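Analysis of the macromolecular model
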Amino acid sequence: MTVSGPSTPKPRPVDPGASAAEQLRKEGNELFKCGDYEGALTAYTQALGLGATPQDQAILHRNRAACHLKLEDYDKAETEASKAIEKDGGDVKALYRRSQALEKLGRLDQAVLDLQRCVSLEPKNKVFQEALRNIGGQIQEKVRYMSSTDAKVEQMFQILLDPQEKGTEKKQKASQNLVVLAREDAGAEKIFQSNGVQLLQRLLDTGEADLMLAALRTLVGICSEHQSRTVATLSVLGTRRVVSLLGVENQAVSLAACHLLQVIFDALKEGVKKGFRGKEGAIIVDPARELKVLISNLLDLLTEVGVSGQGRDNALTLLIKAVPRKSLKDPNNSLTLWVIDQGLKKILEVGGSVQEPPGELAVTTNSRMSASVLLSKLFDDLKCDAERENFHRLCENYIKSWFEGQGLAGKLQAIQTVSCLLQGPCEAGNRALELSGVMESVMALCASEQEEEQLVAVEALIHAAGKAKRASFITANGVSLLKDLYKRSEKDSIRIRALVGLCKLGSAGGTDFSMKQFAEGSTLKLAKQCRKWLCNDQIDAGTRRWAVEGLAYLTFDADVKEEFVEDEAALKALFQLSRSEERSVLFAVASALVNCTNSYDCEEPDPKMVELAKYAKQHVPEQHPKDKPAFVRARVKKLLEAGVVSAMTCMVKTESPVLTSACRELLSRVFLALVDEVEDRGTVVAQGGGKALLPLALEGTDVGQTKAAQALAKLTITSNPEMTFPGERIYEVVRPLVSLLHLNCSGLQNFEALMALTNLAGISERLRQKILKEKAVPMIEGYMFEEHEMIRRAATECMCNLAMSKEVQDLFEAKGNDRLKLLVLYSGEEDELLRRAAAGGLAMLTSMRPSLCSRVPQVTTHWLEILQALLLSPNQELQHRGVVVALNMVEASKEIAGTLMESEVLEILSVLAKGKESPVRRAAAACLGKAVEYGLIKANRDGE
């Protein structure tokens, strides 16, 4: 008996016009056989809604369970199978499917009961007997593991809590073992059941960094993807206590606490994903309330005196990940609105704090940027004008509260907050600049004698310079002031910022060669000074960052790009700075690299529109002579030689809010430019570029993901994928490549994705299954009809490789489709490469599925002449494919063999069988031998 596929009720008399429910069930069965499990699920669901009989309802529910098993949605598979069993308690198929789902969910004790019932109903069924033996072995293994673990857990805690063992190797090994044990869900459950959370609390209370780290990492295992254990852990430790661990001075402990809180957030949001449920359901939880308690504590931590700067940054990182919606399609942004009402002022207070001199709140060089990113994400998560207006009002009221009546210190805090907004939600920053007296105070403080005051004011001026509303005001009033600061200030920290302000204003024309803001040569002088400061390692990283900011603006100018890539010391300093703790430099580094590689979007203007613009005396942008392709390629070579890929790989690994989606997009653009030339791709792979591209292709803006996916496609086409993406990484490449098949991608992207998928499909069955799982086959089939011959050919080649999979063979064998016909017709096309791909697919399919051989003559009346053309082709590969198809058809059916032997094919095969020793000769001889065996022809006296 078969137990894996959809079920069919026992035959019974039906009306000649079968019911709609029965038709839908049959349609679902066909879709299931073809591997379209979602389509089958839809058909079964529609059939259920048409008033099926109780017996049919049971069958439809168990068929839906089979679909959910294939789709790996085991919770729903269990539910559907249970519904079938409710209708018919002796439904052995439903019982078996529920046991499969329960096994996958880890509920082995329940799964074994269903299997025992199956065996009692059908004692001779070997499938049930084997499944029962397997699951019995799993249960015994778990019992052995759990019993041996009990003693281990107790022993480990004894060692860790023994004051006599302080600092010993024994204690270190015990802590490592505890963490490893907690990574397995059964081990985490055992620790939890053994009063583990209370014992871990004692480890945290010791204050010893090593023991605290072990406790936090063990708690990660206990809480990971388990809602009830997470809530129980929070109730024992206290939410406030867990959050407070972020603020400790030890960075490793703070990061471990950050990881734990991220796991807690995920568990509260998603609930249980793992199969082993433990105490799940024993505690009534309200995830929304627990989330708000956690977030409220994080917001309080932001403005708490005594918290380390690293801890404040970690709190901001958690808020960035936990609060805004993951997708704008989700209509519920209530958590964002709640955070804005409860904590916006606290976030602004961090954004307005200065690192030097240290104030009440300890901050790092990355704190303000992290606050800006959080503010930007909160603002972007708002849905309507009323919500945005409330955000503006709260920001403006906060700035006014510092600006009015708080003296000079208040004004500095207000201006610093405005800078924070300008770097984040710039719309709110622009409105803040419009507040009475803000811009005037900025200009006045630029002339202050105090360095700290000047720094705050000049930075605000720089950030404001990029905003359209203020640019003309700053150009008129600020350029002379910035020049004066640059020339006269004795402080490098002031001069470098003033220089960046000039750079920003000087780059207003972008890449337009005809729009020069400064006198000839001034831009190059500014760039030279920026490179000089960048290379000066005596200056702190926070100040050198501004030199990179300046270059990010100045590298719009092609002359600056050329000098920059020739300066090896400057490139080395740039890459070293990108690896430093100064994470806020990442966007500027990425921007400078985008400019140097010309990987920004640049459309070629329509010549007719250019002529029209000239006639109307309108400005026409001009390309710099050094931005032509030859210059760009030379710059890319120099960047590769300087080690740009290694630097970018480190940037991608950064665990910081500063690595925003926009920054990821810039890096994706640069990578795509670096792999444009085939000869450069080996260098990119050798320096870790393939590994770095994967996260860029899976996360970020749509444009960034597409660019990274295209770069992955280029690497996959020209290099050995198993070397480029070793181990499990090769399977991660499939999804980005499939995303390039969507219609919103360009023809070149479609083509490169098809070529890359062809390479992957030829490697292993597991990769082919991954491609099928990503639903690529329908899209590949669509491109087989594409007008562009190269795309059509690439899609056919890809389908040829995928045809090695049973599921694809089933699609060709299914009745009522023209897939086989298309391959036969393409085997007779003029395009030799398309013929080769189609004939290869035809040869493979007729070999794997002999039943298709009898259908070849039915799909087109021209099949015989197409086959003869292949056999007569001067191309050895085409000839070989043709003779293999002929051999498959002869072996499949005596009738087809007779048709072939009655045609010119006999003469052609006779000639080929007499040729030089080759695969073609052997296949042709085999064809004739089979025809002799059938008695269709006779061998001559020589045995030929």
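Residues numbered from 1 in each chain as written. Predicted model: local features only at pLDDT ≥ 70, side-chain atom pairs only at ≥ 80, totals over all residues. Heavy atoms only, no water.

The name given to the protein in an unreviewed UniProt entry is Protein unc-45 homolog A, and the organism recorded there is Neomonachus schauinslandi. Of the comments in the UniProt record for the protein, the one headed Subunit (unreviewed entry) reads "Interacts with PGR isoforms A and B as well as with NR3C1 in the absence of ligand, and with HSP90AB1. Binding to HSP90AB1 involves 2 UNC45A monomers per HSP90AB1 dimer." (UniProt positions renumbered as here; feature names shortened; annotations may be inferred.)

1. A look at the overall build of the protein
Along the protein, the regular secondary structure elements total 54 helices and 0 strands. Considering the protein as a whole, with its 944 residues, one finds that 54% of them fall into the buried category. Taken as a whole, the protein presents about 43600 Å² of accessible surface, with 50% of it coming from carbon and sulfur. (Helix = DSSP H or I, 4+ residues; strand = E, 2+ residues; numbered from the N terminus. Buried < 20%, exposed > 50% of the residue type's maximum accessible area, 1.4 Å probe, protein only. Areas by Shrake-Rupley, 256 points an atom, 1.4 Å probe, with all protein chains shown as cover.)

2. Some remarks on helix 17 (residues 334-351)
The periodicity of an α-helix, 3.6 residues per turn, causes residues three or four places apart in sequence to face the same way. Maximum bend of helix 17: about 65 degrees, positioned at Gly-343. When helix 17 is considered as a whole, its buried residues turn out to be Leu-335, Thr-336, Trp-338, Val-339, Ile-340, Gly-343, Leu-344, Ile-347, Leu-348, Val-350 and Gly-351. (Bend = angle between axes of the 7 residues up to and from the residue.)

3. Considering the packing of aromatic side chains
One pass over the structure, following the stated rule, counts 3 aromatic pairs. Relative to Tyr-37, the ring of Phe-32 has its centre 5.1 Å away and its plane inclined at 65 degrees; by these criteria the two rings are edge-to-face. Looking at Tyr-37, the relative accessible area reads 18%, which means it is buried. With centroids separated by 5.2 Å and ring planes inclined at 45 degrees, the aromatic side chains of Tyr-96 and Phe-128 adopt a geometry described as tilted. With Tyr-96 in helix 5 (residues 92-104) and Phe-128 in helix 7 (residues 126-160), the pair connects residues that are 32 residues apart, well separated along the chain. Note on accessibility: Tyr-96 and Phe-128 belong to one class, buried. Stacked on the ring of Phe-403, the Lys or Arg Lys-411 has its end atom at 5.6 Å from the ring centre. (Phe/Tyr/Trp six-rings, centres within 6.5 Å; stacked < 30°, edge-to-face > 60°. Lys NZ or Arg CZ within 6 Å of the ring centre and 35° of its normal.)

4. With respect to the confidence of the model for the protein
A residue-level look at the protein finds 87% of positions with pLDDT of 70 or above and a mean pLDDT of 83. Across the protein, helix 41 (residues 734-739) holds the top mean pLDDT of 94, while helix 24 (residues 468-477) sits lowest at 54. In this model residues 7-18 is a low-confidence stretch, pLDDT under 50, and it forms 15 contacts with partners more than four residues away in sequence or in other chains. Under a pLDDT of 50 for its full length, residues 509-517 has, in the predicted model, 21 contacts with residues more than four places off or in other chains. (pLDDT = per-residue confidence, 0-100. Contact = heavy atoms within 4.5 Å.)

5. Observations concerning a positive patch on the surface
On the surface, Lys-269, Lys-321, Lys-326 and Lys-377 cluster together into a patch of positive charge. Since its relative accessible area comes to 33%, Lys-377 is described here as partly exposed. (Patch = residues over 30% accessible without salt bridge, like charges linked within 9 Å, V, L, I, M, F, W, Y side chains within 5 Å. Salt bridge = Lys/Arg side-chain N within 4 Å of Asp/Glu carboxyl O. Lys, Arg positive; Asp, Glu negative; His and termini not counted. Charge placed at Lys NZ, Arg CZ, Asp CG, Glu CD.)

6. Section: the environment of Leu-408
With respect to the helices, strands and loops of the structure, Leu-408 is situated in helix 20 (residues 407-423). Leu-408 gets classed as partly exposed once you look at its relative accessible area, which sits at 40%. Residues Leu-408 and Leu-445, 37 residues apart in the sequence, show an inter-C-alpha distance of 9.7 Å. Look past the residues within four positions of Leu-408 in its chain and what remains in contact with it is Leu-445 and Glu-453.

7. A few points about the packing of helix 51 (residues 876-892) against helix 54 (residues 919-934)
Viewed as axis vectors pointing N to C, helix 51 and helix 54 meet at an angle of 20 degrees, and their least axial separation amounts to 9 Å. Relative to helix 54, the element helix 51 is oriented roughly parallel. Taken as a pair, helix 51 and helix 54 cross one another with a handedness that is left-handed. Residues Gln-876, Gln-879, His-880, Val-883, Ala-886, Leu-887, Val-890 and Glu-891 of helix 51 lie in contact with helix 54, whose contacting residues are Pro-919, Val-920, Ala-923, Ala-924, Ala-926, Cys-927, Lys-930, Ala-931 and Tyr-934. Among the residues forming the contact of helix 51 with helix 54, the class breakdown is 12 nonpolar, 3 polar and 2 charged. (Axes fitted to C-alpha atoms, helices over the stretch in contact; angles between N-to-C directions. Parallel < 35°, antiparallel > 145°, perpendicular 65-115°, else oblique. Left-handed = near helix turned anticlockwise from the far one by under 90°. Nonpolar A, V, L, I, M, F, W, Y, C, P; charged D, E, K, R; others polar.)

8. Structural notes on the nonpolar core
One finds Leu-674 and Leu-900 to be the most contacted residues of the largest nonpolar core, which totals 258 residues. Here this core spans two domains, and each of domain 2 (328-435) and domain 3 (507-642) adds at least three residues to it. Setting aside anything within four residues of it in sequence, one finds Leu-900 in contact with Trp-863, Leu-864, Leu-867, Ala-886, Met-889, Val-890, Val-905 and Leu-906. (Core = buried A, V, L, I, M, F, W, Y, C linked by side-chain atoms within 4.5 Å. Domains from an automatic or database assignment.)

9. Describing the environment of Leu-31
Along the polypeptide, Leu-31 turns up in helix 1 (residues 20-33). Residue class for Leu-31 comes out partly exposed when judged on its relative accessible area of 23%. Between the alpha carbons of Leu-31 and Leu-41 there is a distance of 8.9 Å; along the sequence they are 10 residues apart. Discounting chain neighbours no more than four positions away, the residues touching Leu-31 are Asp-36, Gly-39 and Ala-40.

10. As for the UniProt feature "repeat: TPR" (unreviewed entry) in the protein
Here, the residues flagged by UniProt with the feature "repeat: TPR" (unreviewed entry) are residues 92-125. The span residues 92-125 is 79% helical and 0% strand by assignment, and the distance between its end C-alpha atoms comes to 11 Å.

11. A look at unusual backbone geometry
We note that Glu-72 has phi near 65 degrees; this positive angle belongs to a residue other than glycine. Tracing the backbone through its elements, the reader meets Glu-72 in the loop between helix 3 (54-70) and helix 4 (74-87). Here Glu-225, not a glycine, exhibits a phi torsion of approximately 55 degrees, which is positive.

12. A short note on the pattern of salt bridges
By the definition in use, this model includes 47 salt bridges. The residue Arg-62 makes a salt bridge to Asp-91 at a minimum N-O spacing of 2.6 Å. On the criterion of sequence distance, the pair formed by Arg-62 in helix 3 and Asp-91 in the loop between helix 4 and helix 5 is long-range, its members being 29 residues apart. With relative accessibility at 12%, the residue Arg-62 sits in the buried group.

13. Focus: the side chain of Gln-749
The topology assignment puts Gln-749 in helix 42 (residues 747-761). Given a relative accessible area of 11%, Gln-749 falls into the buried group.

14. Here's the deal with the side chain of Asn-595
Tracing the chain through its elements places Asn-595 in helix 31 (residues 586-597). Not counting residues up to four positions away in its chain, the partners in contact with Asn-595 are Ala-552, Thr-555, Phe-556, Lys-561 and Tyr-600.

15. A closer look at the packing of helix 31 against helix 34 (residues 644-652)
Between helix 31 and helix 34, whose axes approach to 12 Å, the crossing angle comes to 145 degrees. In the packing of helix 31 onto helix 34, the handedness of the crossing is left-handed. Residues Leu-586, Val-589, Ala-590 and Leu-593 of helix 31 form the contact with helix 34, whose participating residues are Val-644, Met-648 and Met-651. Taken together, the residues of the contact of helix 31 with helix 34 break down into 7 nonpolar, no polar and no charged.

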